[in-house]
Amino acid sequence: MADDNGLIKAKVVVNEDECKGCELCISACPEKVLFLQKHFNRLGYHPAGYTGDGCTGCGYCFYQCPEPGAITVFKKGYIEMEVC
Amino acid sequence: MPRQLIKGNEAVVKGAILAGCRFFFGYPITPASEIAEAAAYYMPLAGGTFLQAESEIASINMVYGAASGGVRAMTASSSPGISLKQEGISYCAGSELPLVVIDIMRGGPGLGNIAPEQSDYNQMVKGGGHGNYKLLVLAPNSAQEMCDLTMLAFELADMYQNPAVVLADGFVGQMMEPVKFPQPVKKLEDKPWAIHADKDDEFRLISSIQLEPEILEQHNRHLQAKYARAEQQEVRFEEYQAEDAELILVGYGVVSRILYSAVDNLRAEGLQVGLHRPISLWPFPKRRIAQLAETVDAFLAVELSNGQMVDDVRLAVNGARPVHFYNRMGGMVPSPEEISDHVKKILKA
Amino acid sequence: MSDKKLGKAGCFYDIYERSATANKDVTHYCPGCGHGVLHKLIAEAIDDFGIREKTILISPVGCSVFAYYYFRVGNIQCAHGRAPAVATGIKRVYPQSIVISYQGDGDLAAIGGNNILQAANRGENITVFFVNNAIYGMTGGQMAPTTLIGQKTTTTPRGRSQINEGYPMKIAELFSALEAPVYIERVALTDPKNTNKVRRAVRKALKTQMENKGFSLVEVLSACPSGWKMSSVQAKEWIDEAMVKHFPLGVFKDRTEEVQPSEAKRHVFNADDLHKKLDIPQNIQASREIRRTASSNIGQNARIIIAGFGGQGILLLGVGLAQAGMQAGYQVSWIPSYGPEMRGGTANCHVNLSDKRIGSPIVSKPDVLIVMNLPSLDKFEDCVQAGGLIVYDTSLIKKSPRRMDVSALGIPATEIADELGNARVANMVMLGALIAETSIIDKEVVFDALPDFIKRKNLISLNKQAIEKGIEFADSLVSVA
């Protein structure tokens, strides 16, 4: 996932269990890389998902999402170790 | 220790400060205003805080906030103001916050007047707000007791984690008498449940909300168990010439003072009359009154109200003996002679 | 939080153990609700500023009553609308803490209107987050004070009408008219740009409190998709299109630059020297046991009524008698008539001096009646005990008492006082006459007691003179007799 400079690429991780499918992240994403998934999660919502490519780490989705733990955004240059 | 001639209302404030109270939130109302005034003067001198709130509702909620912080805090008012505080008092009882409310009762209903009455018995003793709760209610009858029972109220409030009330009438508040002030409480116990603005707070919550019926029932059972303990341990009363009495006068607050005189007058005439004076209105000395009912012929409850305490006397006597009732209202106060005449009528009948 | 990662703030509990809902890892808020976003912004700021340990969050009634499920801080849940009062209480106890009052529109602008107004006006050093979503969410979509004109709610089924319900209340504008608030801004949780302004406002408001600069309020226009019956995305558009028209965004007050930061002093419990601080007498007062003569009918249990006009010092005369009586070793009590009649009407008080415990402090049949005006003589003359004493001011009462079974002592107290240069010490002339006539208290004890009831030291000698004159006058009558 490292880019040309060797840094980790930005990415967004949706915790599907905590997503209520409000779509605010999707509508706010400038890169249009978030989408509503077909399946239902345990809460009975279609959770948001990440296409897997194109996230710039802008964080718009994070600040639109009302759930504290539903979205995590890793910005470009994030060091993998911090995940541990 | 020398005595100080002082108003009951002022003795409350000095007693409160000696008991370790440093936070007073109040609102002016006759005949309780001297309490706020004395608190405004003395609280800052004792390193404490006085704040005049925008309303009685605000002042009890400020006390709610301060008591949440684990300090001894208080408010004071008179009947109409107490009605306004009832919402907050219910929240305090629900959240199990120890604090002290002083009520210097006046005439009602409505705006009534500023003269002494005992018309708040029901709203304090029976729980004037919503929900299942009790307040620890103490009824002083002298300036000395305004100090002493205020101090006791803080102890009881902490002991039971519940609001405690000093319920006095306008006379007891306005009266000046010599008071011997005790030594101050030097150190207060830490309250491990309280919010302290430190790292332990993340696990602490002051709240009266319990959404789950099972949990709320459990909480109520817990409160009731606490009240049952208080009923065992916190009954306080005083008796005068009660041992061989055929008729027992029952009265609290300023009425009990009038009844001492009436008892003296009646005894001088050879009539076997005694006095039972509840000091704790809740818990009410019901067992003692039931005991008295075994030996005396009758009771006469005297109140400056339409007859609120008399219900508790009747419950305690439980039909075993007649319970007579005599009252004045609106700020009218019976003289000892008036009581004596009434007693004689009862005894003749 | 790492500046390379945006995730769940440490200020939130990992698992919401207190939540009554089945899923304890998600909030109870509806999808798209603004509360969650504002919670995140506040939590992030608390973490970034390192203030979690000293933060106290107040959650009053509204959807956010359960904010305490989520925030890993000190939490106080309280009654509807009362958060600013509760916040005031705890902030006064812990001035070094960070107190947040988190309120909805019904809570803040309706039921708690006065509480927030007064807290703002006092300039309490607290931070208020005011969530304006133009509706009562928790109770199921009723009208709020901020509901827009025409907006349908369950209690305005035909839309809010200014004729029936008035106009939506503009809290930020209203409060910025007050002097005390330091920072007031209205922001909106809509697009990322506006949301970033909310984030900045949240941080600025908390910073203002951290620097002890005073009161700040951030009004946050926030979506209630459920209450508005819209999708989450539509709801945000509605804020931008409809709400912002009535509730313009912007800074309404900002004195943060002009107010100097200060340090909050921690409250420290101290019980040292309390008796001194409370003016409780330190030493045994000069107490002189007096020899009570049998020169009058007044025994050792005197029940006294003192009456006259308000302003004649009636109550003070009684206090002086009680104070001196106490110092002379009596049991004493003093009860005033109180209230409006003190201010210009008639005044009276009851004093008991007794060797025994005092029963009723209220005197119904006085042994002594001291009266300084005619209405008082008329009112109380009949109740004096047979064999009792009436002391009356002949300067103002131009007739003698009718009663033949009591002693009467008339003294031109007001004229005597006037000759001394101040008619207001007539009360002390009366006191002098009383103690001379009854020997109830030795005059030296009264003089000793003077500083305890005459607070203005420069008036003590005048009062003493007045008492002497009263004694002289009473004694002269005795010698004449």
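Residues numbered from 1 in each chain as written. Chains lettered and ligands numbered in written order. Predicted model: local features only at pLDDT ≥ 70, side-chain atom pairs only at ≥ 80, totals over all residues. Heavy atoms only, no water.

## Considerations on the overall build of chain C
Item 1. A count of helices and strands for chain C gives 15 helices and 14 strands.
Item 2. Taking 2.2 N^0.38 as the reference for a compact globule, 481 residues should give roughly 23 Å; the C-alpha atoms of chain C span a radius of gyration of 35 Å, well beyond that estimate.
Item 3. By principal-axis analysis of the C-alpha atoms, chain C measures approximately 105 × 55 × 45 Å.
Item 4. When burial is assessed residue by residue, chain C has 58% of its 481 residues classed as buried.
Item 5. Partitioning the intrachain contacts of chain C with sequence separation of at least 6 by distance along the chain shows that 65% fall at a separation of at least 24.
Item 6. In the form shown here, chain C has an accessible surface area of approximately 18,700 Å², with 50% of it arising from carbon and sulfur atoms.
Item 7. Both charge centroids of chain C, one from 55 positive and one from 48 negative side chains, sit 6 Å from each other. (Helix = DSSP H or I, 4+ residues; strand = E, 2+ residues; numbered from the N terminus. Rg over C-alpha atoms; globule rule 2.2 N^0.38 Å. Buried < 20%, exposed > 50% of the residue type's maximum accessible area, 1.4 Å probe, protein only. Contact = heavy atoms within 4.5 Å. Areas by Shrake-Rupley, 256 points an atom, 1.4 Å probe, with all protein chains shown as cover. Lys, Arg positive; Asp, Glu negative; His and termini not counted. Charge placed at Lys NZ, Arg CZ, Asp CG, Glu CD.)

## As for the overall build of chain B
Item 1. A tally of regular secondary structure across chain B gives 12 helices and 15 strands.
Item 2. A compact globule built from 349 residues would reach a C-alpha radius of gyration of about 20 Å, and chain B, at 20 Å, matches this within 12%.
Item 3. If one aligns the C-alpha atoms of chain B with their principal axes, the spans along those axes are about 70 × 50 × 40 Å.
Item 4. Taking all 349 residues of chain B together, the buried fraction comes to 65%.
Item 5. Looking at chain B as shown, the accessible area adds up to about 11,800 Å², and 51% of this sits on carbon and sulfur atoms.

## Side note on helix α10 (residues 286-295) of chain B
Residues and elements named next belong to chain B.
Item 1. For α10, the set of buried residues is I289, L292 and A293. On an axial view of α10, the arc spanned by its buried residues comes to 110°, and they lie on one face. Exposed and facing more than 90 degrees away from the buried side of α10 are E294 and T295.
Item 2. Close packing links the buried residues of α10 with β10 (237-240), β11 (247-250), β12 (273-278), β14 (298-303) and α11 (309-317). (Arc of directions from axis to C-beta.)

## Brief notes about the interface of chain C and chain A
Item 1. Listed per partner, the contact involves 32 residues of chain C and 30 residues of chain A.
Item 2. Among the residues chain C hides against chain A, the three largest losses belong to K4, L6 and K40 of chain C. Together they make up 27% of the total.
Item 3. Taken together, the links from chain C to chain A amount to one salt bridge.
Item 4. Between R42 of chain A and D25 of chain C there is a salt bridge; the shortest N-O distance is 2.7 Å.
Item 5. Linking chain C to chain A there are 15 residue pairs in polar contact (both at pLDDT 80 or more).
Item 6. Residues that form the side of chain C that touches chain A fall into these classes: 12 nonpolar, 10 polar and 10 charged.
Item 7. Pairing analysis gives two bridges linking strand β4 (residues 71-74) of chain A to strand β1 (residues 5-6) of chain C, with the strands arranged antiparallel. Its bridge partner being in β1 of chain C, F74 of chain A is matched across the sheet by K5 of chain C. (Buried area = accessible area lost by both parts, 1.4 Å probe. Salt bridge = Lys/Arg side-chain N within 4 Å of Asp/Glu carboxyl O. Polar contact = N/O pair within 3.5 Å; in protein donor to acceptor, adjacent residues only side chain to side chain. Nonpolar A, V, L, I, M, F, W, Y, C, P; charged D, E, K, R; others polar. Pairing = 2+ DSSP bridges.)

## So, the interface of chain C and chain B
Interfaces are often sized by the amount of accessible area the parts lose when they come together.
Item 1. Listed as interface residues are 74 residues of chain C and, on the opposing side, 81 residues of chain B.
Item 2. For E54 of chain B, the salt bridge is made with R122 of chain C, and the minimal N-O distance between the two is 3.0 Å.
Item 3. Between the two partners, chain C and chain B, sit 31 residue pairs in polar contact (both at pLDDT 80 or more).
Item 4. Class assignment for the residues of the side of chain C that touches chain B results in 37 nonpolar, 24 polar and 13 charged.

## Structural notes on the sheet that holds strand β3 (residues 74-77) of chain C
Item 1. Read from one edge to the other, the open sheet built from eight strands follows the order β9(B)-β3(C)-β2(C)-β4(C)-β5(C)-β7(C)-β6(C)-β8(C), with strand pairing classed as mixed. Looking at the sheet topology across the chains shown, the edges are occupied by β9 (205-206) of chain B together with β8 (250-254) of chain C.
Item 2. Summarising the sheet, strand β2 (residues 55-59) of chain C and β3 of chain C pair through four bridges and their orientation is parallel. Bridge pairing links I56 of chain C to G74 of chain C in β3 of chain C.
Item 3. Contacting β4 (98-104), β5 (127-132), β6 (183-188), β7 (216-221) and β8 of chain C, helix α6 (residues 192-210) of chain C crosses the sheet at an angle of about 160° to β6 of chain C. (Axes fitted to C-alpha atoms, helices over the stretch in contact; angles between N-to-C directions.)

## So, the environment of T195 of chain C
Item 1. Of note, T195 of chain C is situated in helix α6.
Item 2. The exposure class assigned to T195 of chain C is buried, which follows from its relative accessible area of 2%.
Item 3. Contacts of T195 of chain C, omitting those with residues within four sequence positions, involve Y63 and Q64 of chain A together with V37, L41, A188, L189 and T190 of chain C.
Item 4. At 3.1 Å, the side chain of T195 of chain C and the side chain of Q64 of chain A are in polar contact.

## Topic: the side chain of Q151 of chain C
Residue and element names in this part refer to chain C.
Item 1. Counting through the fold element by element, Q151 comes out in the loop between β5 and α5 (171-176).
Item 2. A residue is classified by how much of its surface remains accessible, and Q151, at 8% relative accessible area, is buried.
Item 3. Excluding anything up to four places from it in sequence, Q151 contacts A134, I135, T156, G159, R160, W228 and W238.

## Some thoughts on a negative patch on the surface
Item 1. A contiguous patch of negative charge, built from D191, E237, D240 and E241 of chain C, is present on the exposed surface.
Item 2. For D191 of chain C, the position within the fold is in the loop between β6 and α6. (Patch = residues over 30% accessible without salt bridge, like charges linked within 9 Å, V, L, I, M, F, W, Y side chains within 5 Å.)

## Brief notes about unusual backbone geometry
Item 1. Geometrically, the link from T30 of chain B to P31 of chain B is a cis peptide bond, its omega value of 5° lying close to zero.
Item 2. Relative to the helices and strands, P31 of chain B resides in the loop between β2 (23-26) and α2 (33-45).
Item 3. For the bond from W282 of chain B to P283 of chain B, the omega torsion is -5°, close enough to zero to count as cis.
Item 4. Checked against the element boundaries, P283 of chain B lands in the loop between β13 (280-282) and α10.
Item 5. Unlike most non-glycine residues, D273 of chain C shows phi in positive territory, near 55°.
Item 6. The class of D273 of chain C is exposed, set by a relative accessible area of 55%.

## Remarks on the domain arrangement of chain B
All names here are of chain B.
Item 1. In terms of domains, chain B is made up of domain 1 (4-233) and domain 2 (237-348).
Item 2. Taking only C-alpha atoms, the centre of domain 1 and the centre of domain 2 are 28 Å apart.
Item 3. In this complex, domain 1 contributes 33 residues to the contact, which on the side of domain 2 involves 27 residues.
Item 4. Here domain 1 and domain 2 share an interface that buries about 2,500 Å² over both sides, 50% of which is from carbon and sulfur atoms.
Item 5. When residues of domain 1 are sorted by the area they lose upon contact with domain 2, Q118, Y121 and N141 head the list and together hold 30% of the total.
Item 6. If you look at where domain 1 meets domain 2, you find four salt bridges.
Item 7. One salt bridge in this structure joins K286 and E231, with 3.1 Å as the shortest N-O distance.
Item 8. At the junction of domain 1 and domain 2, the tally comes to 21 residue pairs in polar contact (both at pLDDT 80 or more). (Domains from an automatic or database assignment.)

## Some details on the arrangement of the chains
Item 1. Inter-chain contacts occur across two pairs of chains; the most extensive set of contacts lies between chains B and C.
Item 2. The two partners chain A and chain B share no contact, and the minimum distance between any of their C-alpha atoms is 17 Å.

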